[in-house]
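Spelled out, the chains give:
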Amino acid sequence: MPGVCTPTEVAIAEESGADILKLFPASILGPGHLKMLREPFPNNRWCPTAGITLESVPKWFEAGADLIGLGGPITKGGVEKVNENVIAFRNAINEASKVVYRHEVSQ
């Protein structure tokens, strides 16, 4: 899963046969950037990573994310909060995926 930020990087990843593209760093680029990249590159699966928050989960799925990468948010508050954080993100993802744009990926 190569990390991409620019259209050139997406094209290179496609040419290399990548089936999932990691949009990185997501918090700086924002959901609008993913939506912009999806237009010329509609046949990819996207995974925004770095800086995803509970509040931003619906926005990422609305922009066309297929999955999200989480690291720091899972351990926020220490090890004792991991289970609680995982459940919160799982619930946010489940809710967002029920109501957002679904796209088909050509195989």
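Here the structure is shown first, and the text comes after it.
Residues numbered from 1 in each chain as written. Predicted model: local features only at pLDDT ≥ 70, side-chain atom pairs only at ≥ 80, totals over all residues. Heavy atoms only, no water.

Student: Where do I start with the environment of Gly 72 in this structure?
Tutor: Among the secondary structure elements, Gly 72 is positioned in helix H5 (residues 72–75). On the basis of relative accessible area, Gly 72 is assigned to the partly exposed category, the value being 49%. Linking Gly 72 and Lys 22, residues 50 residues apart in sequence, is a C-alpha distance of 16 Å. (Helix = DSSP H or I, 4+ residues; strand = E, 2+ residues; numbered from the N terminus. Buried < 20%, exposed > 50% of the residue type's maximum accessible area, 1.4 Å probe, protein only.)

Student: What should I look at first to understand the sheet that holds strand E3 (residues 45–48) in this one?
Tutor: Strand pairing in a sheet relies on backbone hydrogen bonds, with the paired strands running either antiparallel or parallel. Pairing is parallel across the open sheet formed by three strands, whose spatial order is E1-E2-E3. At either end of the open sheet lies a strand with only one pairing partner, and these are strand E1 (3–4) and E3. Two strands pair when backbone bridges link them, and strand E2 (residues 20–23) and E3 are joined in this way by four bridges, in the parallel orientation. Residue pairing for E3: Ile 20 is matched across the bridge by Arg 45. (Pairing = 2+ DSSP bridges.)

Student: I would appreciate a short explanation of the pattern of salt bridges in the present structure.
Tutor: Side chains that differ in sign of charge can pair as their charged atoms come close. Across all of its chains, the model carries two salt bridges by this definition. A salt bridge links Asp 66 to Arg 45; the nearest nitrogen and oxygen atoms lie 3.9 Å apart. In this pair, Asp 66 is assigned in the loop between helix H4 (57–63) and H5 and Arg 45 in strand E3, connecting sequence segments 21 residues apart. The class of Arg 45 is partly exposed, set by a relative accessible area of 34%. Of the charged contacts, one joins Glu 84 and Lys 81 as a salt bridge, the two residues approaching to 3.5 Å between their closest N and O atoms. (Salt bridge = Lys/Arg side-chain N within 4 Å of Asp/Glu carboxyl O.)

Student: Teacher, can you tell me more about the nonpolar core here?
Tutor: Nonpolar side chains in soluble globular proteins tend to be buried together. Membership of the largest hydrophobic core comes to 21 residues, with the highest contact counts inside it found for Val 10, Leu 34, Trp 46, Ile 52, Val 57 and Trp 60. Among the secondary structure elements, those contributing two or more residues to this core are helix H1 (7–15), E2, helix H3 (31–38), H4 and helix H6 (82–99). Among the elements that make up this core, the one with the highest residue count is H4 (four residues). Setting aside its immediate chain neighbours within four residues, Leu 34 contacts Leu 23, Trp 46, Trp 60, Ala 63, Gly 64 and Ala 65. (Core = buried A, V, L, I, M, F, W, Y, C linked by side-chain atoms within 4.5 Å. Contact = heavy atoms within 4.5 Å.)

Worth remembering: the numbers are spatial, not functional.
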